[in-house]
Amino acid sequence: MFFLFFQSLGQQRLNWEEILQDIMRKAIFLQFLLGILTCFSIFCANAEDPYRYYTWVVKYGQRAPLGVSQRVILINNQFPGPPIEAVTNDNIIVNVINQLDEPFLITWHGIKQRKASWQDGVLGTNCPIPPHSNWTYKFQMKDQIGSYMYYPSTLMHRAAGGFGAINVNQRSVISIPYPAPAGEFTVIVGDWYKAGDKALHKGLDSGLALPLPYGLLINGGRKSSTFTGQKGKTYKFRITNVGISTSINFRIQGHPMTLIEVEGSHSMQEVYESIDIHAGQSVAVLVNLRASIKDYYIVASTRFTKPILTSTGILRYEGSHTPASLPLPIGPTYHVHWSMKQARTIRLNLTANAARPNPQGSFHYGSIKIVRTLLLANAKTKINGKLRYAVNGISYVDPTTPLKLADWFNIPGVFNLNMIKDIPTSRPAVLGVSVFGITLHDFVEIVFQNTEDTIQSWHLDGSSFYVVGYGSGKWTNDSRKQYNLADAISRHTVQVYPLSWTAILVSLDNKGMWNMRSQLWSERYLGKQFYLRVWNNEKSLFTENSIPPNALRCGKAVHL
């Protein structure tokens with residue numbers, strides 16, 4: 001009997017132990033589940049990056065950039081337009097209210113628009129905003145840092161203003177490969193014309209070439225910009241050439257400049273007395289204020305022009321009572337070889353990170369197999385008795401239906417992928433809609449062959465590329481022996497010297513319709529541009545965003 005009693009107690013004890021173990025297992029699982037849910041809730045709370053909202057009213061107004069009042073394009077009554085100050089991955093919402101008397105678009109020069117060529121703001125991707133109406137851009141600074149700009153892409157509006165700076169800073173968790181500066185200054189330099197944008201495009205339409213500019217502006221004026229800092233401090237200067245026709249040389253009297261960033265890439269920190277910045281390009285430099293307390297000239301002058309145009313600003317030390325003194329620091333004028341030699345010294349900092357924590361050198365572009373080569377020869381020509389510019393025999397003309405809409409809705413008769421060839425042609429140039437068909441993720445070599453005796457500047461939307469080589473004369477297969485396959489700078493706009501070539505390598509991993517254009521705006525207007533259709537047959541939000549709900553329809557897409 002006692003045996004049975006203790007046996008019963010033992011069984012109950014075992015049962016209780018099993019029950020307790022089961023409860024413990026469930027408690028541990030519950031803690032684990034709660035931990036996952038907590039992490040998930042934190043992730044959800046922080047998953048979406050910050051939003052920055054802007055409302056821009058675009059209209060004509062009067063300013064006197066060269067001392068004489070003329071009509072310019074203002075944004076929120078500002079000339080230049082207001083800057084966009086952002087951080088990596090910020091979402092940008094810009095409601096553009098067009099109060100001009102013509103259709104209008106703004107493009108975001110250098111912003112890659114990942115999976116979203118819908119927001120690129122060129123006529124190949126967007127219907128223009130009609131007069132006295134508005135449209136809202138929505139895009140993200142996805143995985144980008146650096147110095148960029150925006151400007152009008154329609155007609156010759158850019159010659160009248162409507163441009164401004166875009167500055168994208170790194171996230172606080174990402175280190176920078178240089179000491180944090182005491183402050184930073186934005187410097188927008190560009191050539192300027194007294195004739196208005198309508199007069200300029202009317203002249204181009206009639207077959208006339210763009211004349212030389214009348215002057216250079218720094219932040220909208222010729223001699224009005226002053227930048228003030230403290231002795232012993234170091235400052236970051238973001239410098240952008242927003243001009244439509246002219247390369248510039250930039251220098252600061254008595255102050256060497258340390259290059260730190262080129263269009264979103266951290267560069268090797270070379271020191272320059274002066275630096276060339278071609279149309280559409282941006283750089284950032286560090287300047288240490290270690291000279292005597294006084295004012296010093298900041299100088300921008302044109303390159304490869306006759307006459308040389310010059311604009312000045314002032315670097316002022318706090319407490320200065322001494323004006324800047326002449327002579328101005330001397331810069332190069334024509335000197336093509338000097339510029340090409342300097343360009344080769346601008347190299348990528350392989351160990352630094354940019355927008356992401358991984359080093360820039362972790363992408364070994366020099367060891368990737370090239371799957372396609374585009375050899376592109378630009379030419380000045382005449383078609384139907386009027387001045388035009390062509391690439392591989394095609395002078396681009398914007399169709400009334402944006403290419404992106406035609407591609408999305410499968411609208412026939414807008415473009416075809418056989419119009420332009422991968423190599424130059426000997427046939428006479430013709431008008432056409434030139435689009436290269438590229439498979440998503442293709443690694444492509446593009447060679448710009450400049451057959452003209454003037455400098456060129458080329459920009460690609462949607463991607464950055466590695467500038468692997470510059471050379472004089474005609475490019476050949478042997479020219480590849482000169483390529484920098486180790487630390488070429490990655491950027492989005494590159495110069496091509498007179499009667500010379502420039503080679504780039506690019507991984508086209510951003511699906512969409514992307515404009516490649518001359519940054520010499522009159523030449524772009526007269527046909528020196530084309531598009532890359534980067535595509536695969538997968539319709540997925542992982543590779544491309546759907547058409548925005550607010551997308552404007554025009555041309556053959558007006559009722560779709």
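What counts, and at which threshold
- Residues numbered from 1 in each chain as written.
- Predicted model: local features only at pLDDT ≥ 70, side-chain atom pairs only at ≥ 80, totals over all residues.
- Heavy atoms only, no water.
- pLDDT = per-residue confidence, 0-100.
- Contact = heavy atoms within 4.5 Å.
- Helix = DSSP H or I, 4+ residues; strand = E, 2+ residues; numbered from the N terminus.
- Buried < 20%, exposed > 50% of the residue type's maximum accessible area, 1.4 Å probe, protein only.
- Polar contact = N/O pair within 3.5 Å; in protein donor to acceptor, adjacent residues only side chain to side chain.
- Arc of directions from axis to C-beta.
- Disulfide = S-S within 2.5 Å.
- Pairing = 2+ DSSP bridges.
- Axes fitted to C-alpha atoms, helices over the stretch in contact; angles between N-to-C directions.
- Phe/Tyr/Trp six-rings, centres within 6.5 Å; stacked < 30°, edge-to-face > 60°.
- Lys NZ or Arg CZ within 6 Å of the ring centre and 35° of its normal.
- Salt bridge = Lys/Arg side-chain N within 4 Å of Asp/Glu carboxyl O.

What follows is about the confidence of the model for the protein chain. For the protein chain, the average pLDDT comes to 92, and 92% of its residues sit at 70 or higher. Per-residue pLDDT stays below 50 along residues 26-46; that stretch engages in zero contacts with residues further than four places along the chain or on separate chains.

Turning our attention to the side chain of Asn349. Within the secondary structure, Asn349 is located in the loop between α3 (336-344) and β21 (372-383). The exposure class assigned to Asn349 is buried, which follows from its relative accessible area of 10%. Polar contacts involving the side chain of Asn349 include one to the side chain of Thr351, which spans 3.2 Å. Only 3.2 Å separates the side chain of Asn349 from the backbone nitrogen of Ala352, close enough to count as a polar contact. In this structure, Asn349 is in contact with Pro177, His266, Ser267, Met268 and Gln360, ignoring residues within four places of it in sequence.

Another point: helix α2 (residues 197-205). Taken as a whole, α2 has its buried residues at Asp197, Leu200, His201, Gly203 and Leu204. Down the axis of α2, the buried side of the element spans an arc of 155°, and every buried residue falls inside it. Summarising the contacts, the buried residues of α2 are in contact with β1 (51-63), β2 (70-75) and α5 (521-525). Gly207 lies just past α2 and shows a positive phi near 105°.

Turning next to the state of the cysteines. Taken as a whole and judged by the stated rule, the model has one disulfide. Put simply, Cys127 and Cys554 are joined by a disulfide, and their sulfur atoms are 2.1 Å apart. An S-S torsion of about -90° defines the bridge between Cys127 and Cys554 as left-handed. On the criterion of sequence distance, the pair formed by Cys127 in the loop between β5 (106-109) and β6 (133-140) and Cys554 in the segment after β33 (529-535) is long-range, its members being 427 residues apart. Across this residue pair, the class does not change: Cys127 and Cys554 are buried.

A separate point is the sheet that holds strand β7 (residues 146-152). Two orientations exist for strands paired in a sheet by backbone hydrogen bonds: parallel and antiparallel. In space, the four strands of this open sheet follow the order β3-β8-β7-β5, with mixed pairing throughout. Of all strands in the sheet, those with a lone pairing partner are β3 (84-87) and β5, marking the two edges. Averaged over all pairs of adjacent strands, the angle between strand axes in this sheet comes to 20°, irrespective of strand direction.

Below, the discussion takes up the side chain of His266. Assignment of secondary structure puts His266 in strand β15 (residues 265-266). For His266, a relative accessible area of 2% gives the class buried. When residues no more than four places from it in sequence are discounted, the contact partners of His266 are Ile145, Pro177, Tyr178, Ile260, Glu261, Leu348, Asn349, Ala352, Asn353, Ala354 and Gln360.

Let us now look at the packing of aromatic side chains. To describe a pair of aromatic rings, you give the distance between the ring centres and the angle between the ring planes. This model, assessed by the stated rule, comprises 26 aromatic pairs. A centroid spacing of 5.5 Å and a plane angle of 25° characterise the contact between Phe185 and Tyr235, whose relative ring orientation is stacked. A residue pair is termed long-range when its members are at least 10 positions apart, and Phe185 in strand β9 (residues 183-192) and Tyr235 in strand β12 (residues 234-241) qualify at 50 residues. Judged by its relative accessible area of 7%, Tyr235 is buried. Among the aromatic residues, those joined into a ring-pair cluster are Tyr54, Trp56, Trp108, Trp135, Tyr137, Phe139 and Tyr150. In this arrangement the basic side chain of Lys404 is found over the ring face of Trp118, its NZ or CZ atom lying 5.1 Å from the centre. The ring of Trp535 carries the charged tip of Arg533 above its face, separated from the ring centre by 4.4 Å.

Below, the discussion takes up the pairing of strand β17 (residues 274-277). Across the two faces of β17 the burial is the same, with Ser274 and Asp276 and Ile275 and Ile277 all buried. Here four bridges tie strand β13 (residues 247-252) to β17, and the two strands are oriented antiparallel to one another. Considered in β17, the bridge of Arg251 is made with Ser274.

Here we take up α3. Inspection of α3 places Ser339, Met340, Gln342 and Ala343 among the buried residues, and these make up the whole buried set. Projection of α3 onto a plane perpendicular to its axis shows the buried side chains occupying an angular sector of 160°, all on one side. In α3, the exposed residues that point more than 90 degrees away from the buried face are His337 and Lys341. For α3, the elements touching its buried residues are β16 (271-272), β17, β19 (295-303), β28 (465-472), β30 (493-496) and β31 (500-508).

This part takes up the pattern of salt bridges. Per the counting criterion, the structure on display carries 19 salt bridges. In this structure, the salt-bridge partner of Glu184 is Arg238, at a minimum N-O distance of 2.9 Å. One end of the pair, Glu184, is in strand β9; the other, Arg238, is in strand β12, and 54 residues separate them in sequence. Judged by relative accessible area, Arg238 falls into the buried class, the value being 1%. Close ionic contact of Asp478 with Lys481 constitutes a salt bridge, the shortest N to O distance being 3.9 Å. Asp478 gets classed as exposed once you look at its relative accessible area, which sits at 51%. Taken together, the shared-partner salt bridges in this structure form one network comprising Glu184, Arg238 and Glu261.

Before going further, it helps to spend a moment on the sheet that holds strand β4 (residues 91-98). As summarised here, the arrangement of the four strands in space is β2-β1-β4-β6, forming an open sheet in which the pairing is mixed. Sheet topology places β2 and β6 at the edges, where each strand pairs with a single neighbour. The average angle at which neighbouring strand axes cross in this sheet is 20°, direction not considered. Strand direction decides the pairing type here: β1 and β4, joined by eight bridges, are parallel. The partner of Tyr51 across the bridge, within β4, is Asn91.

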